[in-house]
Each structure stands twice: as C-alpha cells, then as structure tokens.
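# Remarks on the overall topology
Here is what each chain is made of, one letter per residue.
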Amino acid sequence: MKLRILKSAVTNPWFNLATEDWIFNTLDPESHTLFLWRNSETVVIGRSQNPWVECKIDKMEADDVFLARRQSGGGAVFHDLGNTNFTFLSPKADYDQDANFTIIVNALKKLGIDAEQSGRNDMQVGDKKISGSAFKHASDRSFHHGTLLVNANIQKLGDYLNPHPLKLQAKGIKSVRSRVANLVEFNEDINHETLSDAIIESFCEYYRDTDYDDTTYDDTTPVEELDRDTLAKEPSLNAYYEQMADWNWRFGKTPEFTHHIETRFDWGMMDMHLDVTQAQISEVIIFSDALNVELIDALKAALTGAKYSQDGITARLDTLAKAHPEFAAQVSDVKEWMIGEVVG
C-alpha cells in the first residue's frame, strides 16, 4: 500500500469540494491519501441542510461570499483563508478514524499546541473547539474530512451563519453553534503553510511507524500540487466541479420546507404560504381580503413552479404584470414584498 499527498493551490470552494469527490470516487482505494486545501470566504452547508435556514443568502451575495453544499452530512460552517481543511481517504478495511485524529493532534503538538479529540467529530484545545469533522463510507473506501480554525474571522461566523428570522418550517439538519477558538490564540506564528507542513510530516511519520500488513512507508512521498489546469487533465474532476458550482446542487437539493409570509397593502391583506420542494415553489396558498379575486388566482398560478429565489420570483411576476396590465400595480407591490422576504 502507498501514501498519496495532494495539496490545492486553488481557493475556489467548488473546485476543492469537487476534488474531494474526485478523490473519493476515482482515486485508487488501495492507498492512504491526504488532501490539504483552503477556501476563499464561503459558507459550506451539509448535504441535507437548507441554505435559507442556515445562512443570510442576501448578505453573502452582496459580499461575494460563496455558498457550497458538500456531499457529506454535518452542519453549516464558514470558511475563509484562515481555515485549513484536511481530507483523509483510506481503504475501508484499513480505515481508522482515530488514526486520522491522532495525525492532526500530533501535527499540532509539533507546533506547541495540545489538542484532543472531543466526542466523535471535533477537536478542542481546552474548552474551545478548533476543528470539526464529517465522514463518508463506500463499499471499498472511507473518507474523513474536517476543518481547522487557524486565523479565521470569527465575527463572520455570526455575519453569515445567523439567518434572518424567516417563518420557515424546515426539514433537514440544523446547525448547533459551539464555542470556538483560532489556533493563533495558542501559537501566534502558526499559518496555513506551517500547519500543512506539520500535518504532512505527521501523516508520513504515522504510517512509517505503524505496521500495516508488513508495509514499509518512508518519508519520500511527493506532494502533488493541484491547480485549475487539473480540471482539463481530469474530465471526471471537471464534471464534479460543474456539479458543485450549479445552482441546482447548491439550492435545488434543499429538503422540502414551507415559508409563511404576510403583510398588508392599501388594496388588501396578503397571507401567503409557499411549499418549496427542491428549491422550487410547488404549491401556493393565499388568504386575502383583496377585492380582485382574479389577481389572487393569477398570483397562485404564476408563482407555482417558480424557483424559490429573487430572480425566479421576479421573472414570473414580471411576466404576469405584462400579461395583465389591469393589475400590474398590485403585482409590482407583491414582487417588491416577496423579493425582500425570499433572500436568495
């Protein structure tokens, strides 16, 4: 069995999450693989999460913050260049989750930081969480990835992960916030490069010193640098990248939920219930005392099937206003109201 070490020179989260999928689905499972990477400002949500519940989508868009949905479970996290992310891939028969945590703990010891595993998913220094993990398994391989807070902007955890108080009745997993700390609080000289070097060294040392089926490892495993050109060389990786970047993956895979909104215009009260399935409005129920019943029926018809997004709703209501100029003013009122309520 061999070791393989990959390191990304790209900070686009869709590229890096696509690389993880490529590693998991395509690389030789008969090896222990380490992948190190970091992202520009990004909110990463779990496979079964609702971005409208977890994130401030409108603020993210205004600030050019990426939204990414990973293939594995877990909660929502904020990544920036102050995070170092790690991925381990091992043959299922030789997978040892504790070994992966040991590698990270040993790497931090090299940098003068005493960390320990906390529960099944996390690592802590004292009572502060510095790392979280998620896991995935297939018939012949197992996968463990996590993030280490090096010098992340902790304030932005609150900026983007404390969602607006929408009246959403959502299915799926909701994140639980924890007390966190950056590793620079314990070693002011640590950064992504020094931490990556320590993890690589610890990874090689662990397998050099561990007897797996009489396999002998050495410290000469090369570090493979991945960049944008890798997409052209690896068609399957490029396909994963296109999936990760696609709106239908990032938003469309959201579990079913209901959004209830209400307001009053000078022409009548609107009490609207939107059932949303895979980020598409599947049913619209409107209670209203507006005199124009035809307007209410037209709104229901126009919104049913629309994307649950500002652009999707705007397109449907603009089309409705053009087709029925007799109530274009009321449709305009509804559009402005809805795009303020539907953040995204």
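Cut-off values and rules
- Residues numbered from 1 in each chain as written.
- Predicted model: local features only at pLDDT ≥ 70, side-chain atom pairs only at ≥ 80, totals over all residues.
- Heavy atoms only, no water.
- Helix = DSSP H or I, 4+ residues; strand = E, 2+ residues; numbered from the N terminus.
- Polar contact = N/O pair within 3.5 Å; in protein donor to acceptor, adjacent residues only side chain to side chain.
- Axes fitted to C-alpha atoms, helices over the stretch in contact; angles between N-to-C directions.
- Parallel < 35°, antiparallel > 145°, perpendicular 65-115°, else oblique.
- Left-handed = near helix turned anticlockwise from the far one by under 90°.
- Contact = heavy atoms within 4.5 Å.
- Pairing = 2+ DSSP bridges.
- Phe/Tyr/Trp six-rings, centres within 6.5 Å; stacked < 30°, edge-to-face > 60°.
- Buried < 20%, exposed > 50% of the residue type's maximum accessible area, 1.4 Å probe, protein only.
- Core = buried A, V, L, I, M, F, W, Y, C linked by side-chain atoms within 4.5 Å.

## Thoughts on the side chain of serine 309
Examined against the element boundaries, serine 309 turns out to sit in the loop between helix H10 (293-303) and helix H11 (310-323). A distance of 2.9 Å separates a polar atom in the side chain of serine 309 from the backbone nitrogen of glycine 312.

## A few points about the packing of helix H4 (residues 97-110) against helix H6 (residues 192-209)
One way to put it is that H4 packs onto H6 with a least axis distance of 8 Å and a crossing angle of 125°. When the interaxial angle is binned, H4 and H6 end up oblique. Along this stretch, H4 crosses H6, giving a crossing that reads as right-handed. Residues Ala99, Asn100, Thr102, Ile103, Ile104, Asn106, Ala107, Leu108 and Lys110 of H4 form the contact with H6, whose participating residues are Leu195, Ala198, Ile199, Glu201, Ser202, Phe203, Glu205, Tyr206 and Tyr207.

## Let's talk about the side chain of glutamine 97
Here glutamine 97 shows up in helix H4. Side-chain polar atoms of glutamine 97 contact the side chain of tyrosine 95, separated by 3.1 Å. Contact partners of glutamine 97, with chain neighbours within four places excluded, come to Arg120, Phe135 and His144.

## Digging into the sheet that holds strand E2 (residues 31-37)
By way of backbone hydrogen bonds, the strands of a sheet pair with one another, either parallel or antiparallel. Read across the open sheet, the eight strands follow the order E7-E8-E9-E10-E6-E2-E1-E12; overall the sheet is mixed. Whereas interior strands pair on both sides, the edge strands pair on one side only; in this sheet they are strand E7 (116-118) and strand E12 (223-226). Each strand of the sheet is rotated relative to its neighbour by a mean of 25°, with strand direction disregarded. Strand direction decides the pairing type here: E7 and strand E8 (residues 122-125), joined by three bridges, are antiparallel. Bridge pairing in E8 places serine 118 opposite aspartate 122. Its contacts with the sheet place helix H1 (residues 13-26) against strand E1 (2-8), E2, strand E6 (83-91), strand E9 (128-137), strand E10 (141-149) and E12, and it is angled at close to 175° to E2. In the packing of H4 onto the sheet, the strands contacted are E6, E7, E8, E9 and E10, and the crossing angle to E10 comes to about 30°.

## Here we look at the packing of aromatic side chains
Following the criterion strictly, the structure yields 15 aromatic pairs and no others. Aromatic side chains phenylalanine 35 and tryptophan 37 sit 5.8 Å apart centroid to centroid with 15° between the ring planes, which places their arrangement in the stacked category. In this structure, phenylalanine 35 and tryptophan 37 share a single accessibility class: buried. With centroids separated by 5.1 Å and ring planes inclined at 80°, the aromatic side chains of tyrosine 206 and tyrosine 207 adopt a geometry described as edge-to-face. Residue tyrosine 207 is classed as buried on the basis of its relative accessible area, which comes to 2%.

## What about the nonpolar core?
Val43, Met270, Met272, Leu317, Val334 and Met338 are the most contacted members of the largest nonpolar core, which has 45 residues in total. Counting residues per element, this core draws most heavily on H10, at six residues. Apart from residues no more than four positions distant in its own chain, methionine 272 is found in contact with His259, His260, Ile261, Val284, Ile285, Ile286, Leu303, Trp337 and Met338. The next biggest cluster of nonpolar side chains, apart from the first, holds 34 residues, and it includes Leu3, Leu111, Ala115 and Ile190.

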